[in-house]
Amino acid sequence: MIKGVNKQILEVTNTESPYFEKIIFFVKPNSPTMDDKRLHAEAMKFSKTRQKPPRQKPTLRQIGMSVLYVAMGVGAGTALTYIMNSIL
């Protein structure tokens, strides 16, 4: 939702990014007046530098939960193997 009617908006549709279809820039109302070509060039320069989102490191809790799930899977497999061998 856009509040206010005095906002200047610049939309870049050719992002050349596999992640983003378009980028919407909101120009500051108190910024110095610029011509449209320079404003568009600045927006394109900014969008080119932001190609790939940063990779997130897994937290210690996520690593611990992954180890727990693997251990539970191994335990379940071992228990199932033991049950199958004792029946046969």
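Anything mentioned here points back to the structure above.
Nothing here was measured: the structure is a model prediction, and the numbers come from that model.

(A) Molecular detail of the overall build of the chain. Along its length, the chain carries 2 helices and 2 strands. Out of the 88 residues belonging to the chain, those deemed buried represent 11%. When contacts within the chain are restricted to residue pairs at least 6 apart in sequence, long-range pairs at least 24 apart make up 41% of them.

(B) Looking closely at the environment of Ile-23. In this fold, Ile-23 is placed in strand S2 (residues 23–27). Its relative accessible area of 21% is what places Ile-23 among the partly exposed residues. The spacing of Ile-23 and Leu-10 is 13 residues in sequence and 8.4 Å in space, taken between C-alpha atoms.

Reading guide: rules and limits
- Residues numbered from 1 in each chain as written.
- Predicted model: local features only at pLDDT ≥ 70, side-chain atom pairs only at ≥ 80, totals over all residues.
- Heavy atoms only, no water.
- Helix = DSSP H or I, 4+ residues; strand = E, 2+ residues; numbered from the N terminus.
- Buried < 20%, exposed > 50% of the residue type's maximum accessible area, 1.4 Å probe, protein only.
- Contact = heavy atoms within 4.5 Å.

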